[in-house]
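Remarks on the overall topology
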Amino acid sequence: MFINSLLDLIPYSIKIPFHLIVDYWHSLSDEELKKLKSIKKNKRFIIMGVPEHGNMGDQAIVYAEEAFIKKYFDCDVIEISKNSYRGNKRKIKKYINKEDVIIITGGGSIGSLWKNEHNHIVNIIKSFSENQMIIFPQTIFFKECEEREIDKFKKILMKHKNLIMCLREMNSYNFAINRKLLPENKLLLVPDIVLFLNFTNNLGRKYNQKSCLVIERNDKEKTAEIEKIEEKLECTYKVNKSNTVIRHLRVTKENREKELLKLIELISHSGFVVTDRLHGMIMSIISGTPCIALDNSSKKVSGVYEFIKDISTVKLIKDKNEISEINFKKMIEEPRVYNNTNIIKYYDNLAQAIMNGMLNKN
């Protein structure tokens, strides 16, 4: 508890390198490790790779994964953070039994774009080869010249005895199929898990029709076009800026829902959102807020958009010239609802695949 209390006092920008020093002690005092020891139900879902940083898109993924598990399965859910795994892997392995279902949290982590995240996933796959394992909806991104890395990843996947990998857009799904990363029945096309959530019945309906919220990336996936669009909109709308990444914030299971709802509320109070962040678009959708989205370098925004392109309040554009073609008044005044009936079938299929894996394990 002392280490946890100490970490809470440290700004997150300092805490990142500090974690490298204290990961071992921090992980020993985590509640998640206590749960691994104490909860002895026959079936448990262990979510691996849980982040503690302030990227609320990643936090929304974990939140949605837990909601998914609670809907379809009567099992305990235990989170293992990246820090705990990195600092205390041997002890964690000791308390995970062969009946436990391992969930690797979803996102855009597979491939060469975010190598540390990719290596973390690979380590989990190799370490728990006897467990039923599901990689929740991911984007795969390898450069064309990385044939050796692709083959290496394929060999690791094929060695696992009971693994399902979910891909959250057609580009990644087709890549996995064409490269035969796994047998086709082990590869599932499933939308980003955050689309499983629906907050439109839980939010107030007050919003400013003349306000625009810009949520933009500031990393290697950023698109330069969003700033040009922002300049164009400033002539007509009050433009505010936000981000799905909250710096200097450590997020855990205890404060995840609170921080996520704060961001959802902020989005829902805007007339519309402009974003090049995938979860900026998705959080707009699940809160019923109109959204103009731009693609990013990994094409995951356009890929996931294919699942929700029939929603009239969400538009995907390529550049600022397409702004003039949008009827903003009509888009803003449409009912702020999210009908995910057509998407739920993908999650039903995933749940059935997990149940089949449980039966095969038995």
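Data block above holds the structure.
In this report, we go over the structure that sits alongside the text. (Residues numbered from 1 in each chain as written. Predicted model: local features only at pLDDT ≥ 70, side-chain atom pairs only at ≥ 80, totals over all residues. Heavy atoms only, no water.)

A count of helices and strands for the protein chain gives 14 helices and 12 strands. Counting all 362 residues of the protein chain, 57% fall into the buried class. Taking contacts inside the protein chain between residues at least 6 apart in sequence as the whole, the part at least 24 apart equals 77%. Put simply, the protein chain shows about 16,900 Å² of open surface, and 50% of that area lies on carbon and sulfur atoms. (Helix = DSSP H or I, 4+ residues; strand = E, 2+ residues; numbered from the N terminus. Buried < 20%, exposed > 50% of the residue type's maximum accessible area, 1.4 Å probe, protein only. Contact = heavy atoms within 4.5 Å. Areas by Shrake-Rupley, 256 points an atom, 1.4 Å probe, with all protein chains shown as cover.)

Below, the discussion takes up the packing of helix α5 (residues 82–95) against helix α6 (residues 115–127). Relative orientation of the contacting elements α5 and α6 amounts to 15 degrees, with a least axis distance of 12 Å. With respect to their mutual orientation, α5 and α6 come out roughly parallel. The handedness of the crossing between α5 and α6 comes out as left-handed. The segment α5 lies against α6, with Lys 82, Tyr 85, Lys 89 and Lys 93 engaging Glu 117, His 120, Asn 123, Ile 124 and Ser 127. Taken together, the residues of the contact of α5 with α6 sort by class into 2 nonpolar, 3 polar and 4 charged. (Axes fitted to C-alpha atoms, helices over the stretch in contact; angles between N-to-C directions. Parallel < 35°, antiparallel > 145°, perpendicular 65-115°, else oblique. Left-handed = near helix turned anticlockwise from the far one by under 90°. Nonpolar A, V, L, I, M, F, W, Y, C, P; charged D, E, K, R; others polar.)

This part takes up the pattern of salt bridges. One pass over the full model with this rule turns up 14 salt bridges. In this structure, Arg 44 engages Asp 100 in a salt bridge whose closest nitrogen and oxygen atoms are separated by 2.8 Å. Note that Arg 44 is positioned in strand β1 (residues 44–50) and Asp 100 in the loop between α5 and β3 (101–104), a separation of 56 residues in sequence. With respect to class, Arg 44 is no different from Asp 100; both count as buried. One salt bridge connects Lys 241 with Glu 216, and the closest N-O pair in it is separated by 3.0 Å. In this pair, Lys 241 is assigned in strand β9 (residues 238–242) and Glu 216 in the loop between β8 (208–215) and α9 (225–233), connecting sequence segments 25 residues apart. Taking relative accessible area as the criterion, Lys 241 reaches 52% and is therefore assigned exposed. One network of salt bridges, with partners in common, ties together Glu 216, Glu 230 and Lys 241. (Salt bridge = Lys/Arg side-chain N within 4 Å of Asp/Glu carboxyl O.)

Our next topic: the nonpolar core. Counting residues in hydrophobic clusters, the biggest one holds 61 residues, and the most contacted among them are Phe 45, Phe 68, Phe 73, Met 281 and Tyr 347. Ignoring sequence-local partners within four residues, the contact set of Tyr 347 consists of Phe 68, Tyr 72, Val 190, Pro 191, Asp 192, Ile 193, Leu 195 and Phe 196. In this structure, Met 48, Ile 80, Ile 125 and Ile 140 belong to the second largest nonpolar core, which totals 35 residues. (Core = buried A, V, L, I, M, F, W, Y, C linked by side-chain atoms within 4.5 Å.)

Turning to the environment of Asn 174, a few remarks are in order. Turning to its location among the elements, Asn 174 is positioned in helix α8 (residues 170–178). A relative accessible area of 32% places Asn 174 in the partly exposed class. Along the backbone, Asn 174 and Leu 189 are 15 residues apart, and their C-alpha atoms lie at a distance of 9.3 Å.

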